[in-house]
Amino acid sequence: MAKWLVKSEPSECGIDDFAESPGKVIPWDGVRNYQARNFLAQMREGDDVFLYHSSCKHIGIAGIIRVVRSAYPDPTQFDPESHYYDPKSSPENPRWQAVDFTLERKLNQLMPLDQIKQLPGLESLPLVRRGNRLSVMPVSDDEWQIILSQT
DNA sequence: GCCAACGTTGGC
DNA sequence: GCCAACGTTGGC
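Notes on the structure in this doc start here. (Residues numbered from 1 in each chain as written. Chains lettered and ligands numbered in written order. Predicted model: local features only at pLDDT ≥ 70, side-chain atom pairs only at ≥ 80, totals over all residues. Heavy atoms only, no water.)

**Section: the packing of aromatic side chains**
Alright, step 1. The final tally for this structure, using the stated rule, is five aromatic pairs.
Alright, step 2. For the ring pair Phe50 and Trp144, a centre distance of 3.8 Å and an interplane angle of 15° mean the geometry is stacked. Of the two residues, Phe50 sits in strand E3 (residues 48-53) while Trp144 sits in helix H5 (residues 141-148), which places them 94 residues apart along the sequence.
Alright, step 3. Residue classification places Phe50 among the buried residues on the basis of a relative accessible area of 1%.
Alright, step 4. Looking at Trp144, the relative accessible area reads 3%, which means it is buried.
Alright, step 5. Each residue in the set Phe18, Trp28 and Phe101 is aromatic and connected to the rest through ring pairs, giving one cluster.
Alright, step 6. The lysine or arginine in question, Arg69, covers the ring of Tyr72, its NZ or CZ lying 3.6 Å from the ring centre. (Phe/Tyr/Trp six-rings, centres within 6.5 Å; stacked < 30°, edge-to-face > 60°. Helix = DSSP H or I, 4+ residues; strand = E, 2+ residues; numbered from the N terminus. Buried < 20%, exposed > 50% of the residue type's maximum accessible area, 1.4 Å probe, protein only. Lys NZ or Arg CZ within 6 Å of the ring centre and 35° of its normal.)

Quick look at the structure:
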């Protein structure tokens, strides 16, 4: 089972949105970066994903979510009313993908970015590399364990 | 709010 | 196909 990390601004969609009600399913749409999209498309049902809170007061990994539906065409790309509308995309030739997530568990306490940066063995994780903007990235089993062992 | 880093766009 | 201009991301 592959493992991943996704970034989100908690004001947009954070761990508490997942924790709001048991079994809540949230579509992960609005990804508009090709590299991130390609990773989304590789996700499989049952994969585990770190949810990272970005651009906020408490930056870091807030919990673990799980893929409950693998990639399908992101409906927001076809909706002219949507902020994520893409006029160059069509149902016949969709350009963007979405997946569905549900909560696995919220961490007892958020693991802050500065702590993650200090962990040996995460040097190749895009998250901790300077200037990196990738919002969906793979996490190796080793990296996953290194992070989990700190919780 | 600032600004460095990055991805995308579009003129040539 | 190059690359300058632009818009966005995201930590600080």
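Still to come is the rest of the account.
**As for the protein's contact with DNA strand B**
Alright, step 1. In the vicinity of DNA strand B, the contacting residues are Asn33, Tyr34, Lys88, Arg130, Gly131 and Arg133.
Alright, step 2. Sugar and phosphate atoms form 71% of the subset of DNA strand B atoms that lie within 4 Å of the protein.
Alright, step 3. Class assignment of the residues belonging to the surface near DNA strand B gives a composition of one nonpolar, two polar and three charged. (Near = heavy atom within 4 Å. Nonpolar A, V, L, I, M, F, W, Y, C, P; charged D, E, K, R; others polar.)

**Examining the pairing of E3**
Alright, step 1. Counting buried positions along E3 gives six out of six residues, so the element sits mostly inside the fold.
Alright, step 2. Taking every second residue as pointing to the same face, both faces of E3 are buried, with Asp48, Phe50 and Tyr52 on one and Val49, Leu51 and His53 on the other.
Alright, step 3. Here strand E1 (residues 3-8) pairs with E3 via six bridges, running parallel. Across the sheet, Ser8 pairs through a bridge with His53, a residue of E3.
Alright, step 4. Examined bridge by bridge, E3 and strand E4 (residues 60-73) share six bridges and lie antiparallel to one another. Looking at the pairing, Tyr52 lines up with Ile61 of E4.
Alright, step 5. The loop that links E3 with its antiparallel partner E4 comprises six residues; one of these, Ser55, has a positive phi angle of about 50°. (Pairing = 2+ DSSP bridges.)

**With respect to the nonpolar core**
Alright, step 1. Among the nonpolar cores identified, the biggest contains 39 residues, and Val6, Trp28, Met43, Ile61 and Phe101 are the most heavily contacted of them.
Alright, step 2. With residues near it in sequence (within four places) discarded, Phe101 still touches Val6, Phe18, Lys24, Val25, Ile26, Trp28, Met43, Val49, Ile65, Arg66, Val67 and Val68. (Core = buried A, V, L, I, M, F, W, Y, C linked by side-chain atoms within 4.5 Å. Contact = heavy atoms within 4.5 Å.)

**Points about the sheet that holds E3**
Alright, step 1. Here we have six strands laid out as an open sheet, ordered E2-E5-E4-E3-E1-E6, and mixed in their pairing. In this open sheet, the two strands that pair with only one neighbour each are strand E2 (25-28) and strand E6 (136-139). Averaged over neighbouring strand pairs, the angle between their axes works out to 40° when direction is ignored.
Alright, step 2. By the bridge criterion, ten bridges tie E4 to strand E5 (residues 97-112) in an arrangement that is antiparallel. Along E5, the bridge assignment pairs Ile65 with Leu103.
Alright, step 3. Of the strands in this sheet, E1, E2, E4, E5 and E6 are in contact with helix H3 (residues 34-42), which crosses E6 at around 55°.
Alright, step 4. Together, E1, E3, E4, E5 and E6 form the strand contacts of H5, whose direction differs from that of E3 by roughly 55°. (Axes fitted to C-alpha atoms, helices over the stretch in contact; angles between N-to-C directions.)

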